[in-house]
Amino acid sequence: MDHQTQVSQPFSPALHEQKVRAKTGGSLERWQRASRSLAGGVSSGLRRSAFPHPLYFTHGSGAKLYDVDGNEYLDYTLAWGPNILGNAPAEVVEAVRETIQNGLTFGAQHDLEYEVAEMLTQIIPCADRVCFANSGTEIVQVALRLARAATGRAKFLKFEGHYHGWDDSVLQSYHPSAEQLAAGNGAPISVGAGQIPAASTVVAQWNNPDSVREAFEKNPGEISAIICEPLLCNSGCIAPQLGFLEFLRDITTQNGALLIFDEVITGFRLGLAGAQGFYGITPDLATYAKAVGAGAPLSVLAGRQQYMELIESGKVVHAGTLNGNLIALSAARAALTFLMRDADAIYGNLFRRGERLRDGILSILREHGHQVCAAGEGPVFHLAFIAKQPRTYRDLLAADARAYRDFLLALQDEGVMPLPDGRWYLSTAHTDDDIDATLEAVRRATE
Ligand SMILES: Cc1ncc(COP(=O)(O)O)c(C=O)c1O
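Residues numbered from 1 in each chain as written. Predicted model: local features only at pLDDT ≥ 70, side-chain atom pairs only at ≥ 80, totals over all residues.

1. What to know about the site of the ligand
Inference 1: If you check the shell around the ligand, you find 13 residues, and the closest are S135, G136, T137, G165 and V264.
Inference 2: At three residues, the largest contribution of residues to the shell around the ligand is made by helix α5 (residues 136–151).
Inference 3: Here the shell around the ligand is built from residues that sort into five nonpolar, six polar and two charged. (Near = placed C-beta within 6 Å. Helix = DSSP H or I, 4+ residues; strand = E, 2+ residues; numbered from the N terminus. Nonpolar A, V, L, I, M, F, W, Y, C, P; charged D, E, K, R; others polar.)

Here is the structure:
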């Protein structure tokens, strides 16, 4: 045992579990009822991991969420990212309400399509053209298909720990355990049963240029694209090391492959121009979902004309009954109008408040003897009980997941709700008072 290690204050998990259970009985009852008709009682598998049980909500407003038992929460989940303007933002709700008087979807053309497309091509660096779909999972598949068509190559490279939706080809080596990694010998590791063997997927390690070079050497002339989360939000918000994104830009160009940024999280969160603007690297293609619809189901592929032309000409199929529906595009137009109106002030506040929150939580936890690290930026950051800041997904495996779960439970008891995996999202609706109230709650949860 290392006697140098400071002894952490426990978060009294048994006490908090008892209190949380006592005040969320209505949610438990509903979840038990739902589980008799709805598989798992939830609509997306990850939500089942909620502890002690999934919560049921009645409504949200700005930075707050309310559950069926009347509990109020300061919301840092933002529906896993989309609610960049907070819950039920008036501009978006009004715009959708007004638009849908005329129809929910036409399956045909209307003015909102080019109006939103024009806004997107104006603000996204790589966007000569865009196209629409409904979810991040779908739009990533359009991007990968385009890369295969443009290069005539079947494979693509992704990184360990990166998430690009739940399609078979990309749901590989997402959160492998240390044992799986040791046994896997670098081969893609499927996440669940029933997935088609990943013959087209090549896996490398984030922030490790050698592993990328090696992948190109082992698959000469076969890799159509590298896809990555430019800030690794799905695994610890691990930033690209200095020069790593430039390296990816160069090695793809040298090898005749495309660079795809999956900006489903970073888009409209790290700034209007997303990670491309934030890091100053322009990919060939970029995918968006979550914040671009501000809560409505919209995803976007943005790309260089030489690639998007393949969709224009019909060589690459991009289809979808609900693509470009009025709900999604009226929400996007309202959200983008809001964000573009005073982008410098809006994003300045998001970063400033997020950093104040992140640094405040860190210092409270450290004052109480916890070994904790934070990574990411103000609008999306990640906390882990770990001695050293992770640089790769594998480093993150050393984090104490049990301590985070206990912390989370104590926070839930105090009315503060971040995501279960350590991620915290900020919206434009969070105020300085909300940050102060959250830090007070963190202090109580830690004592
Ligand atoms: C980076 C990234 N890409 C793709 C997806 C898939 O998006 P969706 O859940 O809308 O299918 C997600 C979802 O969390 C994501 O975080």
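2. Side note on the sheet that holds strand β1 (residues 57–61)
Inference 1: Read across the sheet, four strands follow the order β1-β2-β3-β13 without closing on themselves; strand pairing throughout is mixed. Edge positions in the sheet fall to β1 and β13 (416–417), since each has one partner strand and no second.
Inference 2: As paired elements, strand β3 (residues 72–75) and β13 share two bridges and run parallel to each other. Considered in β13, the bridge of D75 is made with M417. (Pairing = 2+ DSSP bridges.)

3. Let's talk about the domain arrangement of the protein
How big an interface is tends to be stated in terms of the accessible area lost upon association of its parts.
Inference 1: In terms of domain boundaries, the protein breaks down into domain 1 (13–88 + 343–446) and domain 2 (90–341).
Inference 2: Look at where the C-alpha atoms of domain 1 and domain 2 centre, and you get two points 25 Å apart.
Inference 3: Tallying the contact residues gives 26 residues for domain 1 and 33 residues for domain 2.
Inference 4: If you list the elements that add at least two residues to the side of domain 1 that touches domain 2, you get α12 (343–367), β11 (373–377), β12 (380–384) and α13 (393–396).
Inference 5: Considering each element in turn, the side of domain 1 that touches domain 2 owes the most residues, four residues, to β12. (Domains from an automatic or database assignment. Contact = placed C-beta atoms within 7 Å.)

4. Quick notes on helix α15 (residues 432–446)
Inference 1: Over its 15 residues, α15 extends 21 Å from the first C-alpha to the last, a length consistent with the 21 Å expected when each residue adds 1.5 Å.
Inference 2: Looking at α15, one finds that the buried residues are D434, I435, T438, V442, A445 and T446. Seen from one end, α15 has its buried residues packed into an arc of 105 degrees, which puts them on one side. Facing away from the buried surface of α15 by more than 90 degrees, the exposed residues are D432 and D433.
Inference 3: At its buried positions, α15 is contacted by β3, α12, α14 (401–413) and β13. (Expected span 1.5 Å × (residues − 1). Buried ≥ 20, exposed ≤ 12 C-beta atoms within 10 Å, placed from the backbone. Arc of directions from axis to C-beta.)

5. Remarks on the packing of α14 against α15
Inference 1: It is at 9 Å that the axes of α14 and α15 come closest, and there the two elements cross at 120 degrees. Compared by their axis directions, α14 and α15 come out oblique. In this structure, the crossing between α14 and α15 has a hand that is right-handed. For the pair α14 and α15, contact is made by F407, A410 and L411 and by A441, V442 and A445, respectively.
Inference 2: Residues that form the contact of α14 with α15 fall into these classes: six nonpolar, no polar and no charged. (Axes fitted to C-alpha atoms, helices over the stretch in contact; angles between N-to-C directions. Parallel < 35°, antiparallel > 145°, perpendicular 65-115°, else oblique. Left-handed = near helix turned anticlockwise from the far one by under 90°.)

6. Some thoughts on the sheet that holds β11
Inference 1: Strand order in the open sheet formed by three strands is β11-β12-β14, and the pairing between neighbours is antiparallel. Because the sheet does not close on itself, it has two edges, and the strands there are β11 and β14 (423–425). Here the average twist between neighbouring strands, direction ignored, is 20 degrees.
Inference 2: Where β11 lies against β12, five bridges are found, and the strand directions are antiparallel. By the bridge assignment, A374 is partnered in β12 with L383.

7. Considering unusual backbone geometry
Inference 1: Of note, the amide linkage connecting F51 to P52 takes the cis form, showing an omega dihedral of 0 degrees.
Inference 2: The residue P52 is located in the loop between α2 (25–34) and β1 in this model.
Inference 3: At W80, a residue that is not glycine, the phi angle is positive and equals roughly 70 degrees.
Inference 4: Of note, W80 is situated in the loop between β3 and α3 (90–99).
Inference 5: Residue W80 is classed as partly exposed on the basis of its 15 C-beta neighbours within 10 Å.
Inference 6: For C237, which is not glycine, the phi dihedral falls at a positive 50 degrees.
Inference 7: Tracing the backbone through its elements, the reader meets C237 in the loop between β7 (223–228) and α8 (244–254).
Inference 8: On the basis of neighbour count, C237 is assigned to the buried category, with 25 C-beta atoms found within 10 Å.

8. Description of the nonpolar core
Inference 1: A143, I260, L298, V300, A302, A331 and A335 are the most contacted members of the largest nonpolar core, which totals 125 residues.
Inference 2: When residues are assigned to domains, this core turns out to be shared by domain 1 (13–88 + 343–446) and domain 2 (90–341), each giving three or more.
Inference 3: Setting aside its immediate chain neighbours within four residues, I260 contacts A143, A147, A225, I226, I227, P283, D284, L285 and A286. (Core = buried A, V, L, I, M, F, W, Y, C linked by C-beta atoms within 7 Å.)

9. A short note on the packing of α5 against helix α10 (residues 305–312)
Inference 1: One can describe the packing of α5 onto α10 by two numbers: an axis separation of 10 Å at closest approach and a directional angle of 100 degrees. In terms of orientation, α5 lies roughly perpendicular with respect to α10. Contacts between α5 and α10 involve L146, A149 and A150 on the former and, on the latter, Y307, L310 and I311.
Inference 2: For the contact of α5 with α10, the class distribution of residues is six nonpolar, no polar and no charged.

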